[in-house]
Amino acid sequence: AGLATSTVQALTTDQVVALSTSQVANLSTGAIRALTTDQVQAIQTQDIEALTTTQFAALSTTTAAALTTSQIRAIETRDLGALKTNQVQALATAALAAMETRDVAALSTAGIVAMTTAQVAQGLTTADTIRVETLTRPLDLTMQADGRVTVNMGPPVLAPADARPDRDADWLLRHLALSQAPSL
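Keep in mind that this is a model prediction, so the values were computed, not measured.

1. Focus on the overall build of the protein
Looking only at helices and strands, the protein has 15 helices and three strands in total. The buried share of the protein, taken over its 184 residues, is 36%. Taking contacts inside the protein between residues at least 6 apart in sequence as the whole, the part at least 24 apart equals 64%. Accessible surface, the protein: about 9,500 Å² in total, of which carbon and sulfur atoms supply 54%.

Encoded structure:
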């Protein structure tokens, strides 16, 4: 069994640093929700890798925003894809910039829109329209004058084979297996 939520709440940052990977991996979603921003930042990079998709989804908006650049880089793409829209919007400029192309592709459409809105708000881009490459197709996101983001998803794709006719299953497997995709 993992550490009790009340025990986790009482840990100092030095004690969080001293947690083993298995202790971090066994934190309940309640214990994850109870972490402070200082405690999240104290989690070692190799320990962040041990967290599950469910545990990442349990982070509060504030603690998700506290993730460091090295922690973002260590998080598995599938786990970044579990971040909720408000968590993505809360990420700091450095954390957004640390996300790799494959990580952005794993976000939901709402997450991509949130990331684009956050990039514009944080001054990462001044473009009105941003093309985002996803695993299935490119999306064009346009920032409207009133702050809304519209997404041109192209024509409907009803069959998986039609999603990217220029990319076969081997391409997809190679793409997902890349350890170093180009940064945004």
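2. Thoughts on the side chain of Q71
As for its placement among the helices and strands, Q71 is situated in helix α9 (residues 69-74). Q71 gets classed as buried once you look at its relative accessible area, which sits at 1%. For Q71, the residues in contact, after removing those within four places along its chain, are V40, Q41, I43, I48 and A66.

3. Side note on the side chain of Q55
Looking at where Q55 falls in the secondary structure, it is placed in helix α7 (residues 53-58). Judged by relative accessible area, which is 3%, Q55 ranks as buried. Among the polar contacts made by the side chain of Q55, one reaches the main-chain amide nitrogen of T52 at a distance of 2.6 Å. The contacts of Q55, once residues within four sequence positions are left out, are V24, A25, N26, L27, I32 and A50.

4. Quick notes on the pairing of strand β2 (residues 138-143)
Pairing of β2 with strand β3 (residues 149-152) involves four bridges; the strand directions are antiparallel. Residue pairing for β3: D140 is matched across the bridge by N152. Hairpin connection between β2 and β3: a loop of five residues separates the two successive antiparallel strands, and G147 in this loop has a positive phi of roughly 95°.

5. Looking at the environment of Q41
Positionally, Q41 belongs in helix α5 (residues 37-42). Q41 gets classed as partly exposed once you look at its relative accessible area, which sits at 41%. Distance from Q41 to A65, taken between C-alpha atoms, is 10.0 Å for residues 24 residues apart in sequence. Sequence-distant contacts of Q41, that is, excluding residues within four places in its chain, are made with A66, T68 and Q71.

6. Some remarks on the nonpolar core
Counting 30 residues, the largest nonpolar core has I32, I48, L59, L67, I72, I75 and L91 as the members making the most contacts within it. Listing elements by their share of this core, those giving two or more residues are α4 (29-34), α5, α7, α9 and α12 (93-98). Broken down by element, this core gets its largest block of residues, three residues, from α12. Contacts of I75, omitting those with residues within four sequence positions, involve I48, F56, L67 and L80. In terms of nonpolar packing, the next biggest core, distinct from the first, is built from six residues, I130, L141, M143 and V149 among them.

7. Remarks on the environment of T150
Within the secondary structure, T150 is located in strand β3. Separated by 21 residues in the primary sequence, T150 and T129 have C-alpha atoms spaced 9.3 Å apart. Ignoring sequence-local partners within four residues, the contact set of T150 consists of D140, L141, T142 and Q144. One polar contact links T150 to Q144, side chain to side chain, over a distance of 2.9 Å.

How each quantity is defined
Residues numbered from 1 in each chain as written. Predicted model: local features only at pLDDT ≥ 70, side-chain atom pairs only at ≥ 80, totals over all residues. Heavy atoms only, no water. Helix = DSSP H or I, 4+ residues; strand = E, 2+ residues; numbered from the N terminus. Buried < 20%, exposed > 50% of the residue type's maximum accessible area, 1.4 Å probe, protein only. Contact = heavy atoms within 4.5 Å. Areas by Shrake-Rupley, 256 points an atom, 1.4 Å probe, with all protein chains shown as cover. Polar contact = N/O pair within 3.5 Å; in protein donor to acceptor, adjacent residues only side chain to side chain. Pairing = 2+ DSSP bridges. Core = buried A, V, L, I, M, F, W, Y, C linked by side-chain atoms within 4.5 Å.

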